[in-house]
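# Architecture and fold: a report
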Amino acid sequence: MNAIAQDEAMARALGLTYGALKALQAPGRTNGGSKAAAALAARAEPRYCINCGKPLSGRQRIYCDAECSNRFRCRKYYARKKAHRVK
């Protein structure tokens, strides 16, 4: 396994793209060089869909796809409707 493949595997494990990992490691971008990049990459926690639990890609995503978001919103709506009906 060459250095690029190792970096790519490390980026995948951290939930980053190869380019994002290299941008963090670029000299002059951060004060500590690769130490600061490693600290930033370690802080990045994987995010999961709030409905089904699948891992998410992208920055501002909450659901894995549109169908999953629709299911979550419908389930929330009908649960609220049922709670009001019981009273």
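Since the structure is predicted, the reported quantities are computational estimates derived from the model, not experimental observations.

### Considerations on the side chain of N51
- If you trace the backbone, N51 turns up in the loop between helix 3 (34-43) and helix 4 (66-86).
- At a separation of 2.7 Å, a polar atom in the side chain of N51 contacts the side chain of R75.
- Not counting residues within four places of it along the chain, the set of residues in contact with N51 comprises C68, R71, F72 and R75.

### A closer look at the packing of helix 1 (residues 3-14) against helix 2 (residues 18-25)
- Two elements in contact, helix 1 and helix 2, have axes whose closest approach is 8 Å; the angle formed by their N-to-C orientations is 100°. One way to sum up the angle between helix 1 and helix 2 is to call them roughly perpendicular. Only Y18, L21, K22 and Q25 of helix 2 make contact with helix 1, whose side of the interface consists of I4, D7, E8, M10, A11 and L14.
- Considering only residue class, the contact of helix 1 with helix 2 consists of six nonpolar, one polar and three charged.

### Thoughts on the pattern of salt bridges
- Scanning the entire structure with this criterion turns up three salt bridges.
- Residue D7 pairs with K22 through a salt bridge whose shortest N-O separation is 2.7 Å. In this pair, D7 sits in helix 1 while K22 sits in helix 2, placing the two residues 15 residues apart along the sequence.
- Note on D7: relative accessible area 18%, which makes it buried.

Cut-offs applied
Residues numbered from 1 in each chain as written. Predicted model: local features only at pLDDT ≥ 70, side-chain atom pairs only at ≥ 80, totals over all residues. Heavy atoms only, no water. Helix = DSSP H or I, 4+ residues; strand = E, 2+ residues; numbered from the N terminus. Polar contact = N/O pair within 3.5 Å; in protein donor to acceptor, adjacent residues only side chain to side chain. Contact = heavy atoms within 4.5 Å. Axes fitted to C-alpha atoms, helices over the stretch in contact; angles between N-to-C directions. Parallel < 35°, antiparallel > 145°, perpendicular 65-115°, else oblique. Nonpolar A, V, L, I, M, F, W, Y, C, P; charged D, E, K, R; others polar. Salt bridge = Lys/Arg side-chain N within 4 Å of Asp/Glu carboxyl O. Buried < 20%, exposed > 50% of the residue type's maximum accessible area, 1.4 Å probe, protein only.

All quantities given are derived from atomic positions and should not be read as evidence of function.
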